[in-house]
Amino acid sequence: MLKQNNWSGTHYVHGDLCSGCITSSKTVMLEKKSLDEFLSNINKGKAVIVSVSPQSRASLGVAFGLSPLQVFKKLTTLFKALGVKAVFDTSCSRDLTLIESCYEFITRYRQCHSTTDKKSKLGLPLISSACPAWINYAEKNLGSYILPNISSVKSPQQIIGAIIKNHVCQMLYQRPEDIYHVTVMPCYDKKLEAVRDAFVFQLDAQGEKIVEVDSVLTTVELLDLIKSKSVDFASLEESPLDNLLTNLDEGNLLYGVRGSSGGYAETIFRYASKNLFGKEIVGPLNFKTIRNPNFQEVTLEVEGETVLKFALCYGLQNLKQVVKKIDSGECEYQFLEIMTCPSAGCLNGGGQIKRKPGESVRSLELKYMENVIEADPFENPIIKGLYTEWLDQPGSEKATKHMHTEYHPRVESRTSQLQNW
Ligand code: SF4
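An unreviewed UniProt entry lists the chain under the name Protein NAR1-like isoform X3, with Coffea arabica given as the organism. The Sequence similarities (unreviewed entry) field of the UniProt record for the chain holds the comment "Belongs to the NARF family."

Have a look at this one:
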(Lines give C-alpha, C1' and ligand atoms only; values in the text may rest on other atoms or scores of the structure.)
Protein backbone atom coordinates (compact mmCIF):
# COMPACT_ATOMS: atom_id res chain seq x y z
CA MET A 1 0.00 0.00 0.00
CA LEU A 2 2.86 2.37 0.85
CA LYS A 3 5.04 3.38 -2.09
CA GLN A 4 8.69 4.38 -2.30
CA ASN A 5 9.57 7.91 -1.47
CA ASN A 6 9.89 10.48 -4.23
CA TRP A 7 9.56 13.40 -1.83
CA SER A 8 11.78 16.06 -3.27
CA GLY A 9 13.26 17.42 -0.06
CA THR A 10 12.39 20.98 -1.11
CA HIS A 11 13.97 23.68 1.03
CA TYR A 12 11.36 25.67 2.94
CA VAL A 13 11.72 28.94 4.80
CA HIS A 14 9.34 30.68 7.17
CA GLY A 15 8.20 34.12 6.03
CA ASP A 16 7.15 35.22 9.49
CA LEU A 17 8.75 33.52 12.41
CA CYS A 18 6.40 32.26 15.08
CA SER A 19 7.03 34.17 18.28
CA GLY A 20 4.61 32.02 20.18
CA CYS A 21 6.07 28.57 20.40
CA ILE A 22 8.60 28.48 23.16
CA THR A 23 11.94 26.78 22.86
CA SER A 24 13.01 25.38 26.18
CA SER A 25 14.89 22.26 27.15
CA LYS A 26 11.54 20.84 28.28
CA THR A 27 10.01 21.28 24.83
CA VAL A 28 13.02 19.73 23.12
CA MET A 29 12.81 16.76 25.48
CA LEU A 30 9.10 16.35 24.74
CA GLU A 31 9.75 16.68 21.02
CA LYS A 32 12.13 13.74 21.13
CA LYS A 33 9.77 11.70 23.27
CA SER A 34 6.68 12.20 21.08
CA LEU A 35 7.70 10.42 17.89
CA ASP A 36 9.57 7.57 19.61
CA GLU A 37 6.71 6.99 22.03
CA PHE A 38 4.09 7.09 19.32
CA LEU A 39 5.88 4.43 17.30
CA SER A 40 6.65 2.22 20.29
CA ASN A 41 3.09 2.33 21.63
CA ILE A 42 1.72 1.04 18.34
CA ASN A 43 3.77 -2.09 18.99
CA LYS A 44 2.77 -2.41 22.65
CA GLY A 45 -0.76 -3.55 21.92
CA LYS A 46 -2.44 -0.29 22.95
CA ALA A 47 -5.30 1.02 20.84
CA VAL A 48 -3.64 4.05 19.23
CA ILE A 49 -5.92 6.90 18.16
CA VAL A 50 -4.68 9.95 16.26
CA SER A 51 -6.53 13.31 16.16
CA VAL A 52 -5.43 15.67 13.38
CA SER A 53 -5.79 19.47 13.47
CA PRO A 54 -7.18 21.35 10.42
CA GLN A 55 -4.11 23.65 10.49
CA SER A 56 -1.81 20.64 10.06
CA ARG A 57 -3.90 19.35 7.16
CA ALA A 58 -3.61 22.76 5.44
CA SER A 59 0.16 22.84 5.93
CA LEU A 60 0.59 19.35 4.45
CA GLY A 61 -1.87 20.30 1.69
CA VAL A 62 0.31 23.23 0.62
CA ALA A 63 3.50 21.15 0.85
CA PHE A 64 2.13 18.30 -1.29
CA GLY A 65 -0.32 20.17 -3.53
CA LEU A 66 -3.35 18.34 -2.10
CA SER A 67 -6.69 19.45 -0.66
CA PRO A 68 -7.23 19.13 3.14
CA LEU A 69 -9.66 16.26 2.46
CA GLN A 70 -7.12 14.40 0.33
CA VAL A 71 -4.46 14.95 3.02
CA PHE A 72 -6.81 13.59 5.70
CA LYS A 73 -7.68 10.49 3.68
CA LYS A 74 -4.02 9.80 2.87
CA LEU A 75 -3.04 10.31 6.52
CA THR A 76 -5.73 7.79 7.44
CA THR A 77 -4.13 5.30 5.03
CA LEU A 78 -0.67 6.00 6.44
CA PHE A 79 -1.64 5.78 10.11
CA LYS A 80 -3.75 2.65 9.65
CA ALA A 81 -0.90 0.96 7.79
CA LEU A 82 1.22 1.66 10.88
CA GLY A 83 -1.38 0.04 13.14
CA VAL A 84 -3.43 3.04 14.32
CA LYS A 85 -7.05 2.11 15.20
CA ALA A 86 -8.81 5.39 14.38
CA VAL A 87 -8.00 8.84 12.98
CA PHE A 88 -10.16 11.74 14.15
CA ASP A 89 -10.52 15.46 13.50
CA THR A 90 -10.03 18.29 16.00
CA SER A 91 -12.37 20.53 13.95
CA CYS A 92 -15.04 18.36 15.54
CA SER A 93 -13.92 18.93 19.16
CA ARG A 94 -13.35 22.61 18.34
CA ASP A 95 -17.09 22.92 17.70
CA LEU A 96 -17.71 21.76 21.26
CA THR A 97 -15.07 24.23 22.54
CA LEU A 98 -16.86 27.02 20.67
CA ILE A 99 -20.31 26.11 22.00
CA GLU A 100 -19.06 26.02 25.62
CA SER A 101 -17.24 29.35 24.99
CA CYS A 102 -20.44 30.97 23.67
CA TYR A 103 -22.32 29.94 26.82
CA GLU A 104 -19.48 31.10 29.03
CA PHE A 105 -19.46 34.53 27.35
CA ILE A 106 -23.22 34.99 27.60
CA THR A 107 -23.19 33.97 31.27
CA ARG A 108 -20.41 36.44 32.12
CA TYR A 109 -21.97 39.22 30.06
CA ARG A 110 -25.32 38.83 31.82
CA GLN A 111 -23.66 38.69 35.25
CA CYS A 112 -21.70 41.85 34.51
CA HIS A 113 -24.77 43.72 33.27
CA SER A 114 -27.10 42.66 36.03
CA THR A 115 -25.19 44.27 38.88
CA THR A 116 -23.57 47.60 39.72
CA ASP A 117 -20.98 45.86 41.87
CA LYS A 118 -17.69 46.70 40.12
CA LYS A 119 -15.98 43.58 41.39
CA SER A 120 -18.35 41.34 39.47
CA LYS A 121 -17.28 43.14 36.26
CA LEU A 122 -13.91 41.41 36.49
CA GLY A 123 -15.32 38.67 34.25
CA LEU A 124 -14.95 40.81 31.10
CA PRO A 125 -13.17 40.88 28.79
CA LEU A 126 -13.32 37.15 28.37
CA ILE A 127 -10.05 35.96 26.81
CA SER A 128 -9.62 32.84 24.67
CA SER A 129 -7.59 30.02 26.19
CA ALA A 130 -6.64 27.77 23.26
CA CYS A 131 -3.08 29.13 22.91
CA PRO A 132 -0.82 27.42 25.48
CA ALA A 133 2.00 29.92 24.87
CA TRP A 134 -0.37 32.69 26.00
CA ILE A 135 -1.54 30.65 29.01
CA ASN A 136 2.08 29.95 29.93
CA TYR A 137 2.88 33.67 29.72
CA ALA A 138 -0.18 34.71 31.72
CA GLU A 139 0.40 32.17 34.49
CA LYS A 140 4.08 33.09 34.86
CA ASN A 141 3.90 36.85 34.41
CA LEU A 142 0.38 38.17 34.95
CA GLY A 143 -1.04 35.96 37.65
CA SER A 144 -4.14 36.78 39.62
CA TYR A 145 -5.20 39.99 37.88
CA ILE A 146 -5.64 38.43 34.44
CA LEU A 147 -6.25 34.71 35.05
CA PRO A 148 -9.93 35.16 36.07
CA ASN A 149 -10.55 36.72 32.65
CA ILE A 150 -9.27 33.71 30.73
CA SER A 151 -11.91 31.32 29.41
CA SER A 152 -12.11 28.12 31.45
CA VAL A 153 -13.02 26.10 28.35
CA LYS A 154 -10.35 23.57 27.38
CA SER A 155 -8.66 23.78 23.97
CA PRO A 156 -9.87 21.55 21.09
CA GLN A 157 -6.83 19.32 21.68
CA GLN A 158 -7.76 18.64 25.30
CA ILE A 159 -11.48 18.42 24.55
CA ILE A 160 -11.00 15.66 21.99
CA GLY A 161 -8.75 13.92 24.53
CA ALA A 162 -11.43 14.19 27.21
CA ILE A 163 -14.08 12.85 24.81
CA ILE A 164 -11.93 9.88 23.79
CA LYS A 165 -10.73 8.91 27.27
CA ASN A 166 -14.05 9.46 29.09
CA HIS A 167 -16.69 8.57 26.54
CA VAL A 168 -15.58 7.13 23.20
CA CYS A 169 -13.45 4.46 24.93
CA GLN A 170 -16.70 2.88 26.17
CA MET A 171 -18.13 2.85 22.64
CA LEU A 172 -14.95 1.13 21.46
CA TYR A 173 -15.09 -1.38 24.38
CA GLN A 174 -11.69 -0.16 25.58
CA ARG A 175 -10.44 0.86 29.03
CA PRO A 176 -9.13 4.46 28.86
CA GLU A 177 -5.74 3.28 30.13
CA ASP A 178 -5.50 0.95 27.11
CA ILE A 179 -5.90 3.82 24.64
CA TYR A 180 -2.86 5.80 23.50
CA HIS A 181 -4.06 9.12 22.10
CA VAL A 182 -1.85 11.23 19.84
CA THR A 183 -2.64 14.64 18.37
CA VAL A 184 -1.11 16.32 15.31
CA MET A 185 -0.78 20.05 15.94
CA PRO A 186 0.73 23.19 14.35
CA CYS A 187 2.54 24.06 17.54
CA TYR A 188 5.29 22.81 19.90
CA ASP A 189 3.58 24.40 22.89
CA LYS A 190 0.73 21.92 22.55
CA LYS A 191 3.18 19.35 23.96
CA LEU A 192 3.42 21.40 27.15
CA GLU A 193 -0.35 21.83 27.26
CA ALA A 194 -0.84 18.04 27.08
CA VAL A 195 1.32 17.43 30.17
CA ARG A 196 -0.47 19.92 32.45
CA ASP A 197 -1.58 18.32 35.72
CA ALA A 198 -5.19 19.43 35.14
CA PHE A 199 -5.38 17.14 32.12
CA VAL A 200 -4.60 13.98 34.07
CA PHE A 201 -7.40 12.12 35.86
CA GLN A 202 -8.09 8.89 37.75
CA LEU A 203 -11.27 6.87 37.46
CA ASP A 204 -10.96 5.87 41.12
CA ALA A 205 -8.51 6.47 43.98
CA GLN A 206 -6.57 3.26 43.29
CA GLY A 207 -6.78 3.55 39.50
CA GLU A 208 -4.05 4.25 36.98
CA LYS A 209 -3.44 7.88 35.99
CA ILE A 210 -5.04 8.64 32.65
CA VAL A 211 -3.97 11.51 30.41
CA GLU A 212 -6.26 13.07 27.85
CA VAL A 213 -3.47 13.37 25.28
CA ASP A 214 -0.56 10.94 25.56
CA SER A 215 1.60 12.49 22.89
CA VAL A 216 1.67 15.45 20.48
CA LEU A 217 3.30 15.44 17.05
CA THR A 218 3.82 18.74 15.26
CA THR A 219 3.06 18.92 11.55
CA VAL A 220 6.76 19.01 10.78
CA GLU A 221 7.36 15.92 12.93
CA LEU A 222 4.63 14.15 10.98
CA LEU A 223 6.45 15.14 7.78
CA ASP A 224 9.63 13.62 9.29
CA LEU A 225 7.69 10.43 9.99
CA ILE A 226 6.45 10.35 6.38
CA LYS A 227 10.02 10.78 5.14
CA SER A 228 11.43 8.21 7.57
CA LYS A 229 8.95 5.61 6.28
CA SER A 230 9.97 6.35 2.68
CA VAL A 231 6.38 7.11 1.79
CA ASP A 232 5.33 8.76 -1.47
CA PHE A 233 2.59 10.65 0.35
CA ALA A 234 1.02 12.35 -2.67
CA SER A 235 0.46 8.97 -4.35
CA LEU A 236 -0.96 7.16 -1.34
CA GLU A 237 -4.41 5.63 -1.61
CA GLU A 238 -7.23 7.57 0.06
CA SER A 239 -9.01 5.68 2.85
CA PRO A 240 -12.51 6.40 4.17
CA LEU A 241 -12.48 8.73 7.20
CA ASP A 242 -13.50 7.65 10.71
CA ASN A 243 -16.65 9.73 11.08
CA LEU A 244 -17.24 9.07 14.80
CA LEU A 245 -15.33 12.28 15.66
CA THR A 246 -14.78 13.83 12.23
CA ASN A 247 -16.64 16.74 10.64
CA LEU A 248 -17.62 14.97 7.43
CA ASP A 249 -20.98 15.77 5.84
CA GLU A 250 -23.29 13.51 3.85
CA GLY A 251 -21.71 14.69 0.60
CA ASN A 252 -18.34 13.46 1.89
CA LEU A 253 -16.93 16.96 2.41
CA LEU A 254 -15.20 18.34 5.50
CA TYR A 255 -16.97 21.12 7.40
CA GLY A 256 -16.03 23.56 10.15
CA VAL A 257 -15.68 27.18 11.14
CA ARG A 258 -13.56 29.73 9.33
CA GLY A 259 -10.75 31.29 11.34
CA SER A 260 -7.09 30.33 11.20
CA SER A 261 -6.91 30.05 15.00
CA GLY A 262 -10.29 28.50 15.67
CA GLY A 263 -12.80 31.27 14.96
CA TYR A 264 -13.45 32.08 18.64
CA ALA A 265 -14.13 35.83 18.27
CA GLU A 266 -16.28 35.36 15.18
CA THR A 267 -18.42 32.51 16.55
CA ILE A 268 -19.01 34.13 19.96
CA PHE A 269 -19.71 37.52 18.33
CA ARG A 270 -22.40 36.04 16.07
CA TYR A 271 -23.92 34.09 18.95
CA ALA A 272 -23.94 37.09 21.32
CA SER A 273 -25.40 39.40 18.66
CA LYS A 274 -28.28 37.00 18.13
CA ASN A 275 -28.90 35.93 21.71
CA LEU A 276 -28.29 39.21 23.53
CA PHE A 277 -29.51 41.73 20.96
CA GLY A 278 -31.69 39.74 18.53
CA LYS A 279 -29.38 40.60 15.60
CA GLU A 280 -28.59 37.66 13.33
CA ILE A 281 -25.54 38.50 11.23
CA VAL A 282 -25.57 37.03 7.73
CA GLY A 283 -22.38 37.06 5.64
CA PRO A 284 -18.83 37.82 6.69
CA LEU A 285 -18.08 39.95 9.77
CA ASN A 286 -16.52 43.35 9.18
CA PHE A 287 -13.21 43.07 11.05
CA LYS A 288 -11.31 46.37 10.94
CA THR A 289 -7.54 46.54 11.18
CA ILE A 290 -6.38 48.64 14.14
CA ARG A 291 -2.69 49.65 14.43
CA ASN A 292 -1.43 46.62 12.43
CA PRO A 293 -2.82 43.55 10.58
CA ASN A 294 -2.40 41.42 13.71
CA PHE A 295 -4.88 43.53 15.68
CA GLN A 296 -8.42 43.68 14.33
CA GLU A 297 -11.72 44.57 15.92
CA VAL A 298 -15.38 44.02 15.15
CA THR A 299 -18.30 45.93 16.66
CA LEU A 300 -22.07 45.69 16.84
CA GLU A 301 -24.09 48.86 17.02
CA VAL A 302 -27.71 49.05 18.12
CA GLU A 303 -29.53 52.38 17.77
CA GLY A 304 -26.24 54.25 17.36
CA GLU A 305 -24.65 52.73 20.44
CA THR A 306 -21.78 50.23 20.35
CA VAL A 307 -23.02 47.24 22.30
CA LEU A 308 -20.39 44.63 21.40
CA LYS A 309 -16.69 45.13 20.71
CA PHE A 310 -14.42 42.11 20.15
CA ALA A 311 -10.80 41.93 18.98
CA LEU A 312 -8.36 39.51 17.41
CA CYS A 313 -5.01 40.14 19.05
CA TYR A 314 -2.13 38.15 17.52
CA GLY A 315 1.60 38.36 18.22
CA LEU A 316 3.53 39.11 21.37
CA GLN A 317 3.70 42.90 21.00
CA ASN A 318 -0.05 43.30 20.57
CA LEU A 319 -0.65 40.89 23.41
CA LYS A 320 1.51 42.92 25.81
CA GLN A 321 -0.23 46.17 24.86
CA VAL A 322 -3.71 44.79 25.37
CA VAL A 323 -2.72 43.28 28.72
CA LYS A 324 -1.55 46.73 29.88
CA LYS A 325 -4.96 48.14 28.96
CA ILE A 326 -6.77 45.45 30.93
CA ASP A 327 -4.50 46.14 33.90
CA SER A 328 -5.24 49.88 33.80
CA GLY A 329 -8.99 49.30 33.37
CA GLU A 330 -8.97 50.92 29.90
CA CYS A 331 -9.76 47.83 27.83
CA GLU A 332 -12.92 48.50 25.83
CA TYR A 333 -13.32 44.96 24.52
CA GLN A 334 -15.67 42.32 25.89
CA PHE A 335 -13.89 39.43 24.17
CA LEU A 336 -10.29 38.98 23.04
CA GLU A 337 -9.02 36.17 20.81
CA ILE A 338 -5.38 36.17 21.87
CA MET A 339 -2.83 34.10 19.93
CA THR A 340 0.90 34.55 20.34
CA CYS A 341 1.79 33.67 16.74
CA PRO A 342 1.43 36.65 14.39
CA SER A 343 0.12 36.47 10.81
CA ALA A 344 -2.75 33.98 10.90
CA GLY A 345 -2.03 32.63 14.38
CA CYS A 346 -2.07 28.82 14.57
CA LEU A 347 -2.01 28.40 10.81
CA ASN A 348 1.40 30.06 11.02
CA GLY A 349 2.50 28.14 14.12
CA GLY A 350 6.10 27.15 14.79
CA GLY A 351 5.34 23.44 14.28
CA GLN A 352 4.07 23.93 10.72
CA ILE A 353 6.08 22.97 7.63
CA LYS A 354 8.30 25.87 6.58
CA ARG A 355 6.95 27.65 3.57
CA LYS A 356 8.77 27.62 0.24
CA PRO A 357 10.52 30.88 -0.72
CA GLY A 358 7.94 33.36 -2.01
CA GLU A 359 5.01 31.42 -0.58
CA SER A 360 2.75 33.63 1.53
CA VAL A 361 0.56 32.95 4.56
CA ARG A 362 -2.34 33.66 2.21
CA SER A 363 -1.72 30.38 0.36
CA LEU A 364 -2.12 28.57 3.68
CA GLU A 365 -5.30 30.52 4.46
CA LEU A 366 -6.80 29.58 1.08
CA LYS A 367 -5.78 25.94 1.51
CA TYR A 368 -7.29 25.84 5.00
CA MET A 369 -10.85 26.29 3.68
CA GLU A 370 -10.35 24.62 0.25
CA ASN A 371 -13.49 22.49 -0.30
CA VAL A 372 -14.29 22.83 3.39
CA ILE A 373 -17.91 23.82 4.05
CA GLU A 374 -18.41 26.62 6.57
CA ALA A 375 -20.79 25.34 9.24
CA ASP A 376 -22.37 26.49 12.48
CA PRO A 377 -20.91 24.54 15.46
CA PHE A 378 -24.37 24.43 17.07
CA GLU A 379 -25.63 22.39 14.08
CA ASN A 380 -22.88 19.75 14.33
CA PRO A 381 -24.74 16.40 14.70
CA ILE A 382 -21.78 14.74 16.44
CA ILE A 383 -21.68 17.43 19.12
CA LYS A 384 -25.46 17.39 19.51
CA GLY A 385 -25.15 13.63 20.07
CA LEU A 386 -22.44 14.11 22.73
CA TYR A 387 -24.70 16.49 24.68
CA THR A 388 -27.68 14.16 24.37
CA GLU A 389 -25.82 10.98 25.33
CA TRP A 390 -23.32 12.30 27.83
CA LEU A 391 -22.90 15.99 28.69
CA ASP A 392 -26.57 17.05 29.05
CA GLN A 393 -26.23 20.67 27.91
CA PRO A 394 -23.63 23.42 27.51
CA GLY A 395 -22.38 24.64 30.87
CA SER A 396 -23.90 21.64 32.72
CA GLU A 397 -22.18 19.99 35.67
CA LYS A 398 -20.87 17.21 33.44
CA ALA A 399 -19.73 19.64 30.74
CA THR A 400 -17.94 21.73 33.36
CA LYS A 401 -16.25 18.67 34.83
CA HIS A 402 -14.93 17.33 31.52
CA MET A 403 -14.65 20.37 29.25
CA HIS A 404 -13.39 23.15 31.53
CA THR A 405 -10.18 23.77 33.45
CA GLU A 406 -8.46 26.24 35.82
CA TYR A 407 -5.31 28.37 35.69
CA HIS A 408 -2.95 29.19 38.51
CA PRO A 409 -0.15 31.74 38.94
CA ARG A 410 3.23 30.06 38.58
CA VAL A 411 6.55 31.30 39.87
CA GLU A 412 9.57 30.27 37.83
CA SER A 413 13.18 31.34 38.12
CA ARG A 414 14.32 34.39 36.17
CA THR A 415 16.63 32.19 34.09
CA SER A 416 13.74 29.98 33.12
CA GLN A 417 11.61 33.00 32.17
CA LEU A 418 14.38 34.35 29.97
CA GLN A 419 14.81 30.94 28.34
CA ASN A 420 11.16 30.82 27.50
CA TRP A 421 10.69 34.38 26.30
S1 SF4 B 1 -0.94 30.82 18.27
FE2 SF4 B 1 -1.43 28.66 17.90
S3 SF4 B 1 0.43 27.79 16.99
FE4 SF4 B 1 1.03 29.74 17.93
S5 SF4 B 1 1.74 29.21 20.01
FE6 SF4 B 1 -0.46 29.69 20.15
S7 SF4 B 1 -1.52 27.72 19.92
FE8 SF4 B 1 0.59 27.44 19.20
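Back to the write-up after that little detour.
**Student:** Can you break down the layout of surface pockets residue by residue, with the values?
**Tutor:** Computed from the structure, the largest pocket encloses a volume of approximately 810 Å³. Arg258, Gly259, Ser260, Leu312 and Glu365 are the residues nearest the centre of the largest pocket, which is lined by 30 residues in total. Here the element with the most residues in the lining of the largest pocket is helix α11 (residues 361–368); it accounts for five residues. Across the lining of the largest pocket, the residue classes break down as 15 nonpolar, eight polar and seven charged.

**Student:** Provide a residue-level description of helix α2 (residues 54–64), including the pertinent values.
**Tutor:** Buried residues dominate α2, accounting for eleven of its eleven residues. Where α2 terminates, the next one or two residues include Gly65, which has phi positive at roughly 65 degrees.

**Student:** With reference to specific residues and values, describe the packing of aromatic side chains.
**Tutor:** Going through the model one piece at a time under the given rule, you end up with eleven aromatic pairs. Seen in terms of ring centroids, Phe105 and Phe310 are 5.2 Å apart; in terms of plane orientation they differ by 70 degrees. Their pairing is edge-to-face. Within this pair, whereas Phe105 is found in helix α4 (residues 90–113), its partner Phe310 is found in strand β11 (residues 305–314), the two being separated by 205 residues in sequence. Ring centres of Tyr271 and Phe378 lie 4.8 Å apart, and the angle between their planes is 0 degrees; on these two criteria the pair is classed as stacked. Linking Tyr271 in helix α9 (residues 264–277) with Phe378 in the loop between β13 (372–374) and α12 (381–391), this pair joins segments that are 107 residues apart in sequence. Every member of this aromatic cluster is reached through a ring pair, and the members are Phe105, Tyr109, Phe269, Phe277, Phe310 and Phe335. When the ring centre of Phe295 is taken as origin, the NZ or CZ atom of Arg291, which lies over that ring, is 4.6 Å away.

Cut-offs applied
- Residues numbered from 1 in each chain as written.
- Predicted model: local features only at pLDDT ≥ 70, side-chain atom pairs only at ≥ 80, totals over all residues.
- Heavy atoms only, no water.
- UniProt positions renumbered as here; feature names shortened; annotations may be inferred.
- 1 Å grid on protein atoms, 1.4 Å probe; cavity = no way out; pocket = protein on both sides within 12 Å on 5 of 7 lines; lining within 4 Å.
- Points joined across faces, edges and corners; volume = space filled by probe spheres on them.
- Helix = DSSP H or I, 4+ residues; strand = E, 2+ residues; numbered from the N terminus.
- Nonpolar A, V, L, I, M, F, W, Y, C, P; charged D, E, K, R; others polar.
- Buried < 20%, exposed > 50% of the residue type's maximum accessible area, 1.4 Å probe, protein only.
- Phe/Tyr/Trp six-rings, centres within 6.5 Å; stacked < 30°, edge-to-face > 60°.
- Lys NZ or Arg CZ within 6 Å of the ring centre and 35° of its normal.

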